[in-house]
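Remarks on the overall topology
Read off the chains here:
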Amino acid sequence: MMKALEGVKVLDFTHVQSGPTCTQILGWFGADVIKVERPGVGDATRKQLIDKPGADSLYFTMLNHNKRSIELNSKNETGKEVLTRLIKECDVLVENFAPGALDRMGFSWERVHEINPRIIMASIKGFGPGKYEDCKVYENVAQCAGGSASTTGFLDGPPLVTGAQIGDSGTGLHLCLGIVTALFHREKSGEGQRVSVAMQDSVLNLARVKMRDQQRLDAGPLKEYSQFGEGIPFGEATPRAGNDSGGGQPGRILKCKGWETDPNAYTYFIIQAAVWEKVCDLIGEPNWKTDDGFASPSERLDKLNQIFERIEAWTMTKTKFEVMDLCNPLDIPVGPILSMKEIAEDEGLYDTGTLVKVDHPERGEYISVGCPIKLSASPVDVTRSPLLGEHTLEILKDVLHYDDSEINNIVSSGAVGEVNKS
Ligand code: CAO
């Protein structure tokens, strides 16, 4: 079966997490992703958070499936010539270097566009144009600058970053969408274009509902926040809302059976107005269906602590999975707090390809997260990440069509690492 992006060549000049997330998705959809890495060094993540000495790290392998690797020194004159040829051959160039790094190499957007007017050049930076545009930026900086940290955590605690990598992987996803949109546009116009995404902007986009609440504050307190029911005054900015749900339905994380020893024996529990009566019956408080002060959602706002304490007394008698089994048939929305261990052991996720087992020559088998986007006519086969420079010779020959003597000259110039000619 032909893959959706088959025939699209991607010059992958990305490193660490944000850019590689993007190009990995392009690879999953069938693009030929050619990862350019510094000779002898490669992407810094290859050797970060090492769990198996001598092997590429999980940090690297889990972000670089379905790619080929060429070692190429883009600061060496011959290396620049090879890179120029790659730019001519490719449909997309993706990079997430520090601001100005590509210009310093001699490959500004103007130059890249001149070499190949059809190319799409896609970049991730920490900030967009403005006073912070020259900053190097990592995940948690983006979470803080994008409004996520100030709105995450409990009211009486400090701002918190989340475990989901919304700054890096979230930005990679945004960039990926920009690239396929630009490819779609190129089909009609024949022209390439520049795609830029700032990590701050991506996080803010994901924290959009908190900007909604910032403006709603002008009209008075945010009544669906637990803080309102507790009589705590609001300040000038969207506050941290603990585990309140962003959609306005009261919800909390509640203890389940075993919470004393299991840090993840919890469930999320939402008391939507539509299922209030069913909740009352389930927890053994049928009178709350009609009692003054409990019958309507607005009356309940100042009693949420009391109500959730009562629901928790019930959830603590059940495991998080029993809560799910009892609530689902009643349409009461609940969500077990799943640990990474539980997720890794969920056979159903392997059946759908959301989790995959990948074999690697240096590490043996490991678990990875597969492609979360399922295309019916373009199924994803996850292939292992490349070893550093594994495809240097193959790319010089088959993609760039250098002959043997040209390849010898390139190798002796020091532009590429060792090539395996066996
Ligand atoms: N050949 C020769 N030189 C190369 C090369 C190659 N194949 N690949 C990279 N380099 C050089 C770059 O040109 C740069 O050199 P100069 O500083 O002389 O211009 C140098 O390597 C370092 O690149 P960098 O500044 O991008 O890397 P860093 O480790 O110092 O910074 C990071 C990392 C991520 C903070 C920075 O790249 C950045 O801010 N990127 C944009 C935001 C981003 O993506 N952040 C997410 C980080 S986690 O996903």
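In short, a report on the structure. (Residues numbered from 1 in each chain as written. Predicted model: local features only at pLDDT ≥ 70, side-chain atom pairs only at ≥ 80, totals over all residues. Heavy atoms only, no water.)

Now for the site of the ligand. In the vicinity of the ligand there are 23 residues, among which S18, K75, A98, K136 and V137 approach most closely. At 2.9 Å, a side-chain N or O of R104 approaches an oxygen atom of the ligand. In this structure, a nitrogen atom belonging to the ligand sits 2.7 Å away from a main-chain N or O atom of V137. Coverage of the ligand by the protein chains reaches 83% of its 940 Å² of free accessible surface. Looking at which element gives the most residues to the shell around the ligand, the answer is helix α4 (residues 101–105), with three residues. Among the residues forming the shell around the ligand, the class breakdown is ten nonpolar, seven polar and six charged. (Near = heavy atom within 4 Å. Polar contact = N/O pair within 3.5 Å; in protein donor to acceptor, adjacent residues only side chain to side chain. Areas by Shrake-Rupley, 256 points an atom, 1.4 Å probe, with all protein chains shown as cover. Helix = DSSP H or I, 4+ residues; strand = E, 2+ residues; numbered from the N terminus. Nonpolar A, V, L, I, M, F, W, Y, C, P; charged D, E, K, R; others polar.)

Throughout the structure, instances matching the rule amount to five aromatic pairs. For the ring pair F13 and F97, a centre distance of 4.9 Å and an interplane angle of 70° mean the geometry is edge-to-face. Remark: F97 occurs in the loop between β4 (92–95) and α4 and F13 occurs in strand β1 (residues 9–13); sequence separation between them is 84 residues. On the numbers, 4.7 Å between centres and 10° between planes, the contact of W288 with F294 is stacked. The ring of Y402 has R85 sitting right over it, with the charged end atom 4.0 Å from the ring centre. (Phe/Tyr/Trp six-rings, centres within 6.5 Å; stacked < 30°, edge-to-face > 60°. Lys NZ or Arg CZ within 6 Å of the ring centre and 35° of its normal.)

What follows deals with a positive patch on the surface. Side chains of R38, K75, R104 and K136 sit close together on the surface and give a patch of like positive charge. According to the relative accessible area criterion, K136 is exposed, its value standing at 65%. (Patch = residues over 30% accessible without salt bridge, like charges linked within 9 Å, V, L, I, M, F, W, Y side chains within 5 Å. Salt bridge = Lys/Arg side-chain N within 4 Å of Asp/Glu carboxyl O. Lys, Arg positive; Asp, Glu negative; His and termini not counted. Charge placed at Lys NZ, Arg CZ, Asp CG, Glu CD. Buried < 20%, exposed > 50% of the residue type's maximum accessible area, 1.4 Å probe, protein only.)

Once that is clear, we can look at the pattern of salt bridges. On inspection of all chains with the given rule, the structure shows 22 salt bridges. Between D213 and R216 there is a salt bridge whose closest N-O contact spans 2.8 Å. Here D213 and its partner R216 are both found in helix α9 (residues 208–216), three residues apart, which amounts to about one turn of the helix. Judged by relative accessible area, R216 falls into the partly exposed class, the value being 33%. It is possible to trace a salt-bridge network through shared partners that takes in E37, R46, K47 and D56.

Attention now moves to the environment of I270. Relative to the helices and strands, I270 resides in strand β8 (residues 266–270). Residue classification places I270 among the buried positions, given a relative accessible area of 17%. Sequence-wise, I270 and G335 are 65 residues apart; in three dimensions their C-alpha atoms are separated by 9.0 Å. Sequence-distant contacts of I270, defined by excluding residues within four places in its chain, comprise Q249, P250, G251, I332 and P333. (Contact = heavy atoms within 4.5 Å.)

In this fold, T171 is placed in helix α7 (residues 169–189). Other than its neighbours up to four places away in sequence, T171 contacts I124, I166, V197, A198, M199 and S202.

To continue, consider the pairing of strand β3 (residues 68–71). What you see with β3 is no split at all: R68 and I70 on one side and S69 and E71 on the other are buried throughout. Sheet topology note: the strand β2 (residues 32–37)/β3 ladder contains four bridges and is parallel. Bridging across to β3, K35 finds its partner in S69. (Pairing = 2+ DSSP bridges.)

Let us look at the sheet that holds β4. The six strands lie next to each other as β3-β2-β1-β4-β5-β6, forming an open sheet whose pairing is parallel. Strand pairing shows two members of the sheet lacking a second neighbour, β3 and β6 (194–198), which therefore form its edges. On average, adjacent strands in this sheet sit at an angle of 20° to one another, irrespective of strand direction. Where β1 lies against β4, four bridges are found, and the strand directions are parallel. By the bridge assignment for β4, F13 is matched with E95. Each of β1, β2, β4 and β5 (120–125) touches helix α1 (residues 18–28); the most contacted strand, β2, lies at about 150° to it. Running at roughly 65° to β6, helix α8 (residues 199–206) makes contact with β5 and β6 of the sheet. (Axes fitted to C-alpha atoms, helices over the stretch in contact; angles between N-to-C directions.)

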